[in-house]
Amino acid sequence: MSILGLKKKQPKTFKVKVITMDAEMEFSCEVKWKGKDLFDLVCRTVGLRETWFFGLRYTVKDTYAWLKPEKRVLDQEVPKDSPITFHFLAKFFPEKVEEELVQEITQHLFFLQVKKQILDEEIFCSPEASVLLASYAVQAKYGDYDPNFHKPGFLAQDELLPKRVLMQYQMTADMWEEKITAWYAEHRGIARDEAEMEYLKIAQDLEMYGVSYFAITQNKRDTDLLLGVDAQGLHIYSPNSKLNPNKSFPWSGIRNISYSEKEFTIKPLDKKKDVFKFYSSQLRVNKLILQLCIGNHDLFMRRRKVDSIEVQQMKAQAKEEKARKKMERQILAREKQMREEAERAKEEMERRLFQLQDEARLANEALLRSEETADLLAEKAQIAEEEAKLLAHKAAEAEQDRQRLEVTAMKTKEEKRLMEQKMREAEQLAVKLVEQSERRLKEADHLKQDLTEAKDAERRAKQKLLEITKTTYPLIAAYSTPAPPAPPEAADFAYESASTRLDFKDSDMKRLSMEIERERLEYMEKSKHLQDQLKELKTEIESLKLEEQQQQAGIYGLRSEARGFIQEPVYIPHSNRNSAYMSQMAFFEEV
């Protein structure tokens, strides 16, 4: 492809691959092309007009170099591979990104490159600043935070923090994501280009931002210094510290920079100050240092002059473009707000519609249930009416039974009263019999005592008679005078008198014994008859109690059956007066 577009003959070409921060491109270049031709083609392809910040970098052995614009591409020390690989990167950095970076594509390329340098730890960044920068990077990539869309874990595949920061704290990926998301949620309403610009505004304040480091020595023997070249000037660092320079030479204070072979000389503008010399070991590195010094110094001087017509046009167009985009964003924001309000109203209407539908469905179901309930209630009312009639009939029957049972109970009470009267009479009779038996026993004891006394008297009489007999016969024998024989009639009379007395005593005893035995038998028969009467009376009382309990159970059942229409009967406990009867019966049984 020819820049002039002439196709008179087919020139020889070579393949070139250009890698930008967000794309890869391949070109077919003519052999005679210079570095400027390839660079302009890449800029036109990308749409970049702020070309003075960028360059094409390639790798040479153990270092890198920038493609020179005035020399042919193939005449430089570019790799001999096919295609030849170049990296389209920012070669020089602005002092103030917000004022100098005009185009959106320029801001985007700077944002991608600075972000990569921070993640690769080429630029040192504190953990706090890293989290804040990561939140702006997420805003630039995903837009406004939406908790319904950006669920936990949506940043799992994104590289947002340097490994040094991740290893410095014992925190999980979810914890880092939570911290980044907390800042990310605060950036709502910031557009992508604004988020990238905020990222660059924070990054430009970092100590290592835009600085290119080279190993140098202050004399030919020592290699213990670093040279830093950036948009502000030249800085001398210790080899172990790239943050705080030991000495700085701002571009405004440098009169001249020159090098001869490996020796560099920095001449201050103030002639009173000493000239600073340092050494670099490689010629290729010396040329690169000089090239960066010249380019940064030119840009430094350019910033302090009036902008060219091209830059003024670019800024005017960028301003108009920003104003237009701002207007579009405002319109989009209003439309989005109106759409969100409409969607909310629609959702509210749908929710209300669903609610009304649910209410209607519930009302229909309630109506159906009420109709079914009404039918059931009608059936229940009919059944209840029939049950009421049946229960009323049963209640009437129960009332009749109750009245009948009451009559029966009254009769039973009368019978119980009569039985109680009989019991009292039996008790009185028993008491009388007991008194008579005690009296008869006393009489029998008196009779026995009299009998005993009579027997004792008889025994004494007999003893006396024997004594008299013994006394009389010896006297008769002594005088040997026979007595005149007693008349037989007198002897018989005496003997009969004694016999009569004895017979009289024996008959009295027998008579008394028979009389006592007869009274005892009569008493036993009366006692037996009384016990039989008491047993019969006890049996009658038990049967009456059983009948009374059955009558009370019948009355209670009938009243329970008619509970809905008849007042529930009050249970009257059985009287304890039968306990007196039972105790008396027990007494009689003992008797």
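Use the structure listed above.
The structure presented is a predicted model; accordingly, all values stated were derived computationally and were not measured.

Describe the overall build of the protein chain, with residues and values.
Helices and strands together make up the secondary structure of the protein chain, namely eleven helices and twelve strands. Per-residue burial for the protein chain yields a buried fraction of 30% across its 591 residues. A fraction of 63% describes how many contacts in the protein chain between residues 6 or more apart in sequence connect residues 24 or more apart. For the protein chain, the computed accessible surface area is about 39,600 Å², with 55% contributed by carbon and sulfur atoms.

Please give an account of the side chain of Q117 that cites residues and values.
Inspection of the secondary structure assignment puts Q117 in helix α3 (residues 104-119). Here Q117 is in contact with F93, E122 and I123, once residues within four sequence places are set aside.

Residues and numbers for the pattern of salt bridges, please.
Taken as a whole and judged by the stated rule, the model has 23 salt bridges. Here D75 ties to R72 by a salt bridge, and the two come within 3.9 Å at their closest N and O atoms. With a relative accessible area of 32%, R72 lands in the partly exposed category. Among the ionic pairs, R324 bridges to E321, the shortest N-O distance being 2.0 Å.

Could you give me a rundown of the side chain of T20, with the residues and numbers involved?
For T20, the location among the structural elements is in the loop between β1 (13-19) and β2 (24-30). T20 sits in the buried class, given a relative accessible area of 10%. Polar side-chain contacts of T20 include one of 3.2 Å to the side chain of D22. Beyond its immediate chain neighbours, meaning those up to four positions away, T20 contacts M25, V46 and F88.

I'd like a description of the pairing of β2, backed by residues and values.
Where β1 meets β2, seven bridges bridge the pair, whose relative direction is antiparallel. Within β2, the position partnered with V18 by the bridge is M25. The loop that links β1 with its antiparallel partner β2 comprises four residues.

So what's going on with the environment of F214? Which residues, and what values?
Locating F214 in the fold gives a position in strand β6 (residues 212-216). Along the sequence, F214 and Y237 sit 23 residues apart, while their C-alpha atoms lie 9.9 Å from each other. Apart from the residues within four sequence positions on either side, F214 is in contact with Y64, L225, L226, L227, V229, V285, L288, I289 and L292.

Any chance you could break down the sheet that holds β2 for me, citing the residues and the numbers?
Taking strand neighbours across the sheet as the criterion, the five strands line up as β2-β1-β5-β3-β4 in an open arrangement whose pairing is mixed. Only two strands of the sheet have a single neighbouring strand rather than two, namely β2 and β4 (63-66). Sheet twist, expressed as the mean angle between neighbouring strand axes with direction ignored, is 35 degrees. Across the sheet, α3 is in contact with β3 (54-60) and β5 (84-90); its angle to β5 comes to roughly 105 degrees.

How would you summarise the environment of M419 if you had to cite specific residues and measurements?
Residue placement: M419 occurs in helix α9 (residues 309-479). A sequence separation of 122 residues divides M419 from I541, and the C-alpha atoms of the two residues are 7.7 Å apart. Setting aside its immediate chain neighbours within four residues, M419 contacts L537, E540 and L544.

Explain a nonpolar patch on the surface residue by residue, including any values.
A cluster of nonpolar side chains, contributed by L521, Y523 and M524, occupies part of the molecular surface with about 270 Å² of accessible area. Of note, Y523 is situated in helix α10 (residues 488-561). Judged by its relative accessible area of 35%, Y523 is partly exposed.

Please set out helix α6 (residues 173-184) residue by residue, giving values where relevant.
For an α-helix the count is 3.6 residues per turn, leaving residues at separations of three or four pointing the same way. Over its twelve residues, α6 extends 16 Å from the first C-alpha to the last, a length consistent with the 16 Å expected when each residue adds 1.5 Å. The set of residues buried in α6 consists of W176, E177, I180, T181 and Y184. Along the axis of α6, the buried residues cluster in a sector spanning 135 degrees; they form a single face. Buried residues along α6 sit against α4 (127-142) and α5 (163-168).

Please set out the sheet that holds strand β12 (residues 276-279) residue by residue, giving values where relevant.
Backbone hydrogen bonds are what pair the strands of a sheet, in a parallel or an antiparallel way. The antiparallel open sheet is built from three strands, whose spatial order is β10-β11-β12. The sheet terminates laterally at β10 (254-260) and β12, the two strands that pair on one side only. Strand-to-strand, the axes of this sheet are offset by a mean angle of 15 degrees, without reference to chain direction. Relative to β12, strand β11 (residues 263-268) runs antiparallel, the two sharing four bridges. Its bridge partner lying in β12, E263 is registered against Y279. Contacting β10 and β11, helix α8 (residues 283-303) runs over the sheet at an angle of about 160 degrees to β10.

How would you sum up the nonpolar core? Please name residues and give values.
Counting residues in hydrophobic clusters, the biggest one holds 95 residues, and the most contacted among them are L38, F54, F86, F88, V114, I118 and L234. For this core, the element with the highest residue contribution is α4, accounting for eight residues. Contact partners of F88, with chain neighbours within four places excluded, come to V18, I19, T20, F39, V42, C43, L48, F54, G55, L56 and L109. Counting five residues, the second-largest nonpolar core is a separate cluster that includes M419, L537, I541 and L544.

Conventions we followed
Residues numbered from 1 in each chain as written. Predicted model: local features only at pLDDT ≥ 70, side-chain atom pairs only at ≥ 80, totals over all residues. Heavy atoms only, no water. Helix = DSSP H or I, 4+ residues; strand = E, 2+ residues; numbered from the N terminus. Buried < 20%, exposed > 50% of the residue type's maximum accessible area, 1.4 Å probe, protein only. Contact = heavy atoms within 4.5 Å. Areas by Shrake-Rupley, 256 points an atom, 1.4 Å probe, with all protein chains shown as cover. Salt bridge = Lys/Arg side-chain N within 4 Å of Asp/Glu carboxyl O. Polar contact = N/O pair within 3.5 Å; in protein donor to acceptor, adjacent residues only side chain to side chain. Pairing = 2+ DSSP bridges. Axes fitted to C-alpha atoms, helices over the stretch in contact; angles between N-to-C directions. Patch = residues over 30% accessible without salt bridge, like charges linked within 9 Å, V, L, I, M, F, W, Y side chains within 5 Å. Expected span 1.5 Å × (residues − 1). Arc of directions from axis to C-beta. Core = buried A, V, L, I, M, F, W, Y, C linked by side-chain atoms within 4.5 Å.

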